[in-house]
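Remarks on the overall topology
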Amino acid sequence: HPLSVDTIRMKEVSNSLKDRMKPINNCTSVSDLIGFEGSAARLYFSVFDQLILHQKEDFYFSERSRRPPLDRMNALISFLYTLLTNECSSALESVGLDPYVGFLHQDRPGRPSLALDLMEELRPVFSDRLALSLVNRKQVLPSGFIEKESAGILMDDETRKIVLTAWQDRKKENILHPFLKEKIEFGLLPYVQALLLARYLRGDLDAYPPFFWN
């Protein structure tokens, strides 16, 4: 959509994100790694609004906001992230890993830290793409979001049903897994990545293969 999107800016950010991956191999501390991740996340979300092609005034995106989400797009993304967290938690448990003991996210009571670690590589392809599709295809409408007294934004029950249906439909789509070189359903992706992580931790793989999807 070259007439609707600032393609030059998008390419700049894409190249900057690639550059930020290079020093990760030499990273020696979790705090440094989190710093790289935070910088990359700010870059990524700085052009997220460019990808909203329809209903832009009602679903504008200026920055990521949580607890509570302050606009409709953030409310939609947060709900999808919650669904993905639950999927990752179940996947980790199914392969014998504790979703509450993480590597990058700090362990806190009731916080599924390892599930949050696992979902980092899946959020753009699983949740963000679906959020953009729902808005750009006008499957969700601004009238389906409610502003609370706290200034937070929530989805109404009907919109939540629409999103859940779209989520289940997306899980049925087939993709070619870049590491396994096999076709799998999208919904199996958290399980496959959890299984690969378990195999690495148990010494069956030399390294954990993160999910890179072109």
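**Digging into the pattern of salt bridges**
Under the counting rule described, the total for this entry stands at 7 salt bridges. The salt bridge partner of arginine 9 is glutamate 12, with a shortest N-O separation of 3.9 Å. Taken together, the residues arginine 9 and glutamate 12, both in helix H1 (residues 7–21) and 3 residues apart, mark about one turn of the helix. Classification of arginine 9 as partly exposed rests on a relative accessible area of 32%. Put simply, glutamate 120 and arginine 123 hold a salt bridge, and the shortest N to O gap is 2.9 Å.

**Concerning the side chain of threonine 159**
Within the fold, threonine 159 resides in helix H6 (residues 157–171). Sequence-distant contacts of threonine 159, defined by excluding residues within four places in its chain, comprise Val140, Gly144 and Phe145.

**Notes on the packing of aromatic side chains**
Within a pair of aromatic rings, the relevant descriptors are the distance that separates the centres and the angle that separates the planes. Counted according to the given criterion, the structure contains 8 aromatic pairs. Aromatic rings pair up to connect Tyr44, Phe45, Phe48 and Phe61 into one cluster. Seen from the ring of tyrosine 81, arginine 123 lies directly overhead, with NZ or CZ sitting 4.8 Å from the centre. The ring of phenylalanine 79 carries the charged tip of arginine 160 above its face, separated from the ring centre by 5.9 Å.

Here is what the cut-offs are and how they apply
- Residues numbered from 1 in each chain as written.
- Predicted model: local features only at pLDDT ≥ 70, side-chain atom pairs only at ≥ 80, totals over all residues.
- Heavy atoms only, no water.
- Salt bridge = Lys/Arg side-chain N within 4 Å of Asp/Glu carboxyl O.
- Helix = DSSP H or I, 4+ residues; strand = E, 2+ residues; numbered from the N terminus.
- Buried < 20%, exposed > 50% of the residue type's maximum accessible area, 1.4 Å probe, protein only.
- Contact = heavy atoms within 4.5 Å.
- Phe/Tyr/Trp six-rings, centres within 6.5 Å; stacked < 30°, edge-to-face > 60°.
- Lys NZ or Arg CZ within 6 Å of the ring centre and 35° of its normal.

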